[in-house]
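Close look at the chain arrangement
Here are the chains, one letter per residue:
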Amino acid sequence: MDMREQISDNNNNNNDSSSSSSNAHINHRGKVYFVGAGPGDKELLTLKAKRLIEDADVIVYSGSLLNPEILAFAKSSALLYDASTMSREEIYSVLKDNAMKGRVTLRLHDGDPSLYSATREQIDSLTKDGIDVEIVPGVSALFAAVARLKTELTLPGVTQTVIITRAEFRTPVPERESIKELARHRCTMAFYLSVHLIEDIVGELIDAGYDDDTPVAVVYRVTWDDEKVIVGTLKDIAGKVKDARINRTAVIIVGEVVKPRGYEFSKVYDSGFTHSYRSAKV
């Protein structure tokens, strides 16, 4: 358990007063909240996530990935547990025991809880034990990375599909979801938890028929102070990533949307296009 020595007393005192006022009209009791904390920047927290952090009696957080500044919103009496030092059983015990005692209990995840967060196994166990859960979405690292690139994951005339995956390493990937199989679609591909395998990914994509001039971006610790954005092609991205000494905490985005050489304008805003809110202007 981390008692947050880095958090100032002033912040704690301010949060105590704000959380007590919100607790007066919101009933969180007997429930575990799985809350997305976003990619790093505390200003990307949703209003609901911030309010729940302020109200929480117990927070289990992803210490290896969460910006510690986010924990400054917690009240001084909150008990904080760093999940990076805990086993599955230890995490579950903290969540279950505190929820059953009527404490406002949070499992605070980096990014969004729906991606590579191991939430389902925890939710199923809590539900089996009669404990209610609620998931509060957050901004994913992928969406923050695309924002940094000032582009879109989908572009008319380029692709309307996004595949989110990971390269196989210690966690098995079904054969039907191998990079070779997924690459057949030639859409935007995003890789989580895989930057240390960048050379393997590049090789498999090229073997699957991708041109070596296909644009690629690698965004490291997006929205953190030490963020790095590397843009290249399949031909040179592995070398650029190696030179930047990036081997973890990065998202890989592959496809023409990274640096489009051309695209079509959206039909929705075309003056000649009719939809339920607007008639075409001929």
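See the structure printed just above.
Our subject in this report is the structure included herewith. Bear in mind the structure is a predicted one, so any value in this text is a computation, not a measurement.

**A closer look at the pairing of strand β4 (residues 105-109)**
- Among the 5 residues of β4, 5 are classified as buried, and the element is accordingly described as predominantly covered.
- Of the two faces of β4, the one holding T105, R107 and H109 and the one holding L106 and L108 are both buried throughout.
- Across 5 bridges, strand β1 (residues 31-36) lies against β4 in parallel orientation. Paired with F34 across the strands is R107, a residue of β4.
- As defined by bridge partners, strand β2 (residues 58-61) adjoins β4 across 4 bridges and the pair is classed as parallel. Bridging from a neighbouring strand, V60 pairs with R107 of β4.

**Considerations on the layout of surface pockets**
- Estimated volume of the largest pocket: approximately 1,300 Å³.
- Around the largest pocket, the lining comprises 44 residues; the ones closest to its centre are S64, L65, D110, Y116 and L193.
- If you list the elements that add at least two residues to the lining of the largest pocket, you get α3 (88-100), β4, α4 (119-128) and β10 (250-254).
- Along the lines of polarity and charge, the residues of the lining of the largest pocket split into 20 nonpolar, 15 polar and 9 charged.

**Observations concerning a nonpolar patch on the surface**
- On the surface, Y116, I164 and L193 cluster together to form a nonpolar patch covering roughly 260 Å² of accessible area.
- Looking at the element boundaries, L193 is found in the loop between β7 (188-192) and α7 (198-207).
- Owing to a relative accessible area of 44%, L193 belongs among the partly exposed residues under this scheme.

**Concerning the environment of K259**
- Here K259 lies in the segment after β10.
- On the basis of relative accessible area, K259 is assigned to the exposed category, the value being 59%.
- When the C-alpha atoms of K259 and P215 are compared, they prove to be 6.0 Å apart, with 44 residues separating the residues in sequence.

**Comments concerning helix α5 (residues 141-149)**
- Every buried residue belonging to α5 is among A141, L142, A144, A145, V146 and L149, and all of these are buried.
- Buried residues along α5 sit in contact with β6 (162-166), β7, β8 (215-220), β9 (228-233) and β10.
- Positioned one or two residues after α5, K150 has a phi angle of 55°, which is positive.

Reading the values: rules and limits
- Residues numbered from 1 in each chain as written.
- Predicted model: local features only at pLDDT ≥ 70, side-chain atom pairs only at ≥ 80, totals over all residues.
- Heavy atoms only, no water.
- Buried < 20%, exposed > 50% of the residue type's maximum accessible area, 1.4 Å probe, protein only.
- Helix = DSSP H or I, 4+ residues; strand = E, 2+ residues; numbered from the N terminus.
- Pairing = 2+ DSSP bridges.
- 1 Å grid on protein atoms, 1.4 Å probe; cavity = no way out; pocket = protein on both sides within 12 Å on 5 of 7 lines; lining within 4 Å.
- Points joined across faces, edges and corners; volume = space filled by probe spheres on them.
- Nonpolar A, V, L, I, M, F, W, Y, C, P; charged D, E, K, R; others polar.
- Patch = residues over 30% accessible without salt bridge, like charges linked within 9 Å, V, L, I, M, F, W, Y side chains within 5 Å.
- Areas by Shrake-Rupley, 256 points an atom, 1.4 Å probe, with all protein chains shown as cover.
- Salt bridge = Lys/Arg side-chain N within 4 Å of Asp/Glu carboxyl O.
- Contact = heavy atoms within 4.5 Å.

Purely geometric numbers; function is a separate question.
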